[in-house]
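# Analysis of the macromolecular model
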Amino acid sequence: MPENILIAIAWPYANAEIHVGNITGSHLPGDIVARYHRLKGNKVLMVSGTDSHGTPVTLAADKEGKPVEEVYKRYHDGFIELFQGFGITYDLFTTTHTENHFKVSQAMFLALKQNGYLFTQFSKQWYSPSSKRFLPDRYVEGTCYICGFESARSDQCDNCGNVLEPEKLINPRSKEGGALELRETEHFYLDLSKLEPDVKQFLRERAKHMRDTVIGESLRKIESEGLKPRSITRDLDWGIPVPLEGWEGKRLYVWIEAVVGYLSAAIEWSQLSDAALSESKGEKARVEPSRNDAWLEWWANPASKHFYFQGKDNIFFHTSMWPAELMGAGEQFFEIFSPSPALTPNPSPAGRGAKLTLPYDVPANQFMNLEGQKISGSRNWAVWGLDALTRYDPDALRYYLTVNMPEAKDSDWDWAEFVARNNNELVATWGNLANRVLAFCYKNWDGHVPDVDVSTLRPADRNLLAVIENGFATVGAELEAVRLRSALGETMKLATAVNQYLDVNAPWTAIKTDKASAALTVYTALKAIDSLKVMFSPFLPFTSEKLHSFFGYETPLFGEQYVEEIKDSLGTHTGLRYRVGQVGDLPYWKPSELKPGQKLNLPGPLFKKLEESVIDEERARLGK
Ligand SMILES: [Zn+2]
């Protein structure tokens, strides 16, 4: 039975470009796991989008003196270009500024309210008399009254991680300049304390398979400090309106609505898929919203597995806040939210008592540094994703970002190591292995796999193939547990085993005296490489696809990415999509069944060796 796998990746804020730390932190690990599950024949839905609301975005727009909409769209387009370049195969990468996301977030809010998890309270917030508005969180900075950090936000300190009360901030100052005064304002709060026992229970059930760093950050924090109510609305004019009369001018706070994106993007995806499906059958795309409940297979299905990829700064939101929202909204969400009321006689498409699926794993990564220092966009101490793609192949970048992934502790991008690992591992161990065996075979067996009788394979041949075959289980287990460094390391070890087999059996020499024996060796090595290609493919999709075509296969390993313009009442937004279609993503995760005599295509090199001079050139770019 195929499993339903949701790959949910942290939503990037539309106020900065994406660098290698972001890629290795969430987008790349999510893509590797998604590709693996697709190859296994599981039903994968991989979603994320641009976080276009919130004060980081409005501040960026203010700084540029441009409309927020224009600024968020520019970053969004850049993200989509980057994900295509790196092969990050989102089924849907959308934005939070869509009609659908508004509706879903408002339904979550109403469900939480109906279930008694929201209350209102007056509090003091910083107000700017000159611009006649409240200045939320990032608009006001001051000294943290807990740790003394001088650039704390008014609602949270990024140094000690504590939630702050705005009125206690020391030396508050407005980012806009001008005077500040405290004024009373009313807001909604999510009563997390009521949900604390459920969140604890949820975390305890997952403690065994969640990373120690993640559980430590979450469960032990709740046990020592408890979950306290948090305000979930703000006085802002950009974002999602509070869906209640008398609350005009207030918006849902970004932390409560951005996480809802994992759910809303799945719903948007199922509506789009339906339209695409009817078009492909030669019918006209439906004009009215289609009643497609495909998202329920992931979101109202306790057996579906949800993986949340992000950096360590977001752990608490995904292990505690978001599960609390999901549990608090409960089945009322399905009753309140209906993607197309006109076509829905039964208000709860999920059925009675359905629950929103909770996270299965939150494989959050630590941080990646750069040449021994923290990555910093403002100092240009960064390797920017789109810029790196102009000089390096995506698989070379993906390889280094995986072997160096900060899974258990912070890691460091080092240009000397990047060059060394590219040349010694990717090129020497794997690329040369595939290329020299294929080229040797193509030349000496007239463009075909040697037409051997497989019953005559020798013990050493069978032994190698058994070792490789076993890799599907061992590498697969590591991928399922999201231990990606180890999974890639195991695969590289298998490539080394094939190199050792070739050193012993040396078909390049044997062919001169015993072509039949050389044919057995070449067939065995090709079959091993054909299997390794599949094991490497979640990590190195571009070169694996290329290698796959050298073998003469006509059905590709993977589907394709494409961009779609999506219209709704808020305007038009661009979605990055992934087409599985009839081809690609077949259940390829199994040992090669390479046929003797199969016709090959002319092979070529898979990777490029890098010059040592790259190291100094790249280091010279930093901090400029
Ligand atoms: Zn602090």
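Residues numbered from 1 in each chain as written. Predicted model: local features only at pLDDT ≥ 70, side-chain atom pairs only at ≥ 80, totals over all residues. Heavy atoms only, no water.

## Observations concerning the overall build of the protein chain
Counting secondary structure elements, the protein chain contains 20 helices and 17 strands. Its C-alpha radius of gyration of 27 Å places the protein chain within 12% of the 25 Å reference for a compact globule of 624 residues. Viewed in the frame of its principal axes, the protein chain has a C-alpha envelope of about 90 × 60 × 45 Å. The buried share among the 624 residues of the protein chain stands at 56%. Sequence separation of 24 or more characterises 77% of the internal contacts of the protein chain that already satisfy a separation of 6 or more. As displayed, the protein chain has an accessible area near 25,700 Å², and 50% of this comes from carbon and sulfur atoms. (Helix = DSSP H or I, 4+ residues; strand = E, 2+ residues; numbered from the N terminus. Rg over C-alpha atoms; globule rule 2.2 N^0.38 Å. Buried < 20%, exposed > 50% of the residue type's maximum accessible area, 1.4 Å probe, protein only. Contact = heavy atoms within 4.5 Å. Areas by Shrake-Rupley, 256 points an atom, 1.4 Å probe, with all protein chains shown as cover.)

## Comments concerning the sheet that holds strand 1 (residues 4-9)
Read across the sheet, six strands follow the order 13-1-2-3-17-16 without closing on themselves; strand pairing throughout is mixed. In the strand order of this sheet, the two ends are held by strand 13 (305-309) and strand 16 (560-568), each with one partner. The average undirected angle you get between the axes of adjacent strands in this sheet is 20 degrees. Bridge analysis of strand 3 (residues 92-95) against strand 17 (residues 571-579) gives two bridges, and the strand direction is antiparallel. (Pairing = 2+ DSSP bridges. Axes fitted to C-alpha atoms, helices over the stretch in contact; angles between N-to-C directions.)

## A word on the sheet that holds strand 8 (residues 170-174)
In space, the three strands of this open sheet follow the order 7-6-8, with antiparallel pairing throughout. At either end of the open sheet lies a strand with only one pairing partner, and these are strand 7 (152-153) and strand 8.

## Points about helix 16 (residues 484-505)
Between its first and last C-alpha atoms helix 16 spans 32 Å; for 22 residues at 1.5 Å apiece the expected length is 32 Å, and the two agree. Residues of helix 16 that are buried make contact with helix 1 (20-39), helix 13 (394-403), helix 14 (415-444), helix 15 (459-480), helix 17 (507-513) and helix 18 (515-536). Immediately beyond the C-terminal end of helix 16, within one or two residues, lies Ala506, with a positive phi of roughly 25 degrees. (Expected span 1.5 Å × (residues − 1).)

## Brief notes about the coordination of the zinc ion
Within the first shell, the zinc ion binds the protein through Cys144 (SG), Cys147 (SG), Cys157 (SG) and Cys160 (SG), at distances of 2.3 Å. Geometry at the zinc ion is tetrahedral, judged from the four donor atoms that bind it and their angles of 103 to 116 degrees at the metal. Here the donor residues of the zinc ion share one chain and are spaced in sequence as C-x2-C-x9-C-x2-C. The buried category is assigned to Cys157, whose relative accessible area is 0%. Relative accessible area serves as the criterion here: at 30%, Cys160 is assigned to the partly exposed category. (Donors = N, O, S within 2.8 Å, 3.2 Å for Na, K, Ca; no water. Tetrahedral: all angles 85-135°; square planar, octahedral: opposite > 155°, others 65-115°.)

## Some remarks on the confidence of the model for the protein chain
Counting all residues, the mean pLDDT for the protein chain is 92, and 94% of those residues have values of 70 or more. Low pLDDT, under 50, characterises residues 274-291; the stretch is placed with 19 contacts to residues that sit more than four places away or in other chains. (pLDDT = per-residue confidence, 0-100.)

## Some words on the pattern of salt bridges
Counted under the stated rule, the structure contains 36 salt bridges. Between Arg206 and Glu205 there is a salt bridge, with the nearest N and O atoms lying 3.5 Å from each other. Where salt bridges share partners, they join Arg153, Asp155, Asp158 and Arg234 into one cluster. (Salt bridge = Lys/Arg side-chain N within 4 Å of Asp/Glu carboxyl O.)

## Overview of the packing of helix 6 (residues 212-225) against helix 10 (residues 315-329)
At a minimum axis separation of 9 Å, helix 6 and helix 10 run at an interaxial angle of 50 degrees. With respect to helix 10, the axis of helix 6 lies oblique. Helix 10 is crossed by helix 6, and the crossing has right-handed handedness. Counted together, Thr213, Val214, Glu217, Ser218, Lys221 and Ile222 of helix 6 and Ile315, Phe316, Thr319 and Ser320 of helix 10 form the full contact between these two elements. (Parallel < 35°, antiparallel > 145°, perpendicular 65-115°, else oblique. Left-handed = near helix turned anticlockwise from the far one by under 90°.)

## Examining the environment of Met108
Of note, Met108 is situated in helix 4 (residues 99-114). For the pair Met108 and Gly328, spaced 220 residues apart in sequence, the C-alpha separation works out to 8.9 Å. In this structure, Met108 is in contact with Val260, Leu263, Trp322, Glu325, Leu326, Ala329, Phe333 and Leu356, ignoring residues within four places of it in sequence.

## Section: the nonpolar core
By size, the foremost hydrophobic cluster in this structure holds 116 residues, and its most contacted members are Ile7, Trp413 and Trp430. No other element matches helix 18, which puts 13 residues into this core. The contact partners of Ile7, leaving out residues within four places of it in the chain, are Gly30, Val33, Ala34, Val44, Leu45, Met46, Val47, Phe307 and Phe309. In terms of nonpolar packing, the next biggest core, distinct from the first, is built from 69 residues, Ala107, Val242, Val260 and Trp298 among them. (Core = buried A, V, L, I, M, F, W, Y, C linked by side-chain atoms within 4.5 Å.)

## Examining the packing of aromatic side chains
One pass over the structure, following the stated rule, counts 32 aromatic pairs. Arranged with centres 6.4 Å apart and planes meeting at 45 degrees, the rings of Tyr72 and Trp238 form a pair that is tilted. Of this pair, Tyr72 sits in helix 3 (residues 68-86) while Trp238 sits in the loop between strand 11 (233-235) and strand 12 (250-252), placing them 166 residues apart in sequence. Take Tyr72: its relative accessible area is 1%, and that puts it in the buried class. Considering the side-chain rings of Trp413 and Phe418, the 5.3 Å spacing of their centres and the 20 degrees angle between planes classify their relative orientation as stacked. Overall, the relative accessible area of 0% leaves Trp413 in the buried class. One aromatic cluster is present, formed by Trp11, Tyr262, Trp299, Tyr308 and Trp322 through successive ring pairs. Looking at Lys312, its charged tip hangs above the ring of Phe367, at a distance of 4.8 Å from the centre. (Phe/Tyr/Trp six-rings, centres within 6.5 Å; stacked < 30°, edge-to-face > 60°. Lys NZ or Arg CZ within 6 Å of the ring centre and 35° of its normal.)

## Quick look at the side chain of His76
As for its placement among the helices and strands, His76 is situated in helix 3. On the basis of relative accessibility, which here comes to 2%, the residue His76 falls in the buried class. In contact with His76, other than residues within four places in its own chain, are Thr50, Phe93, Thr94, Thr95 and Thr574.

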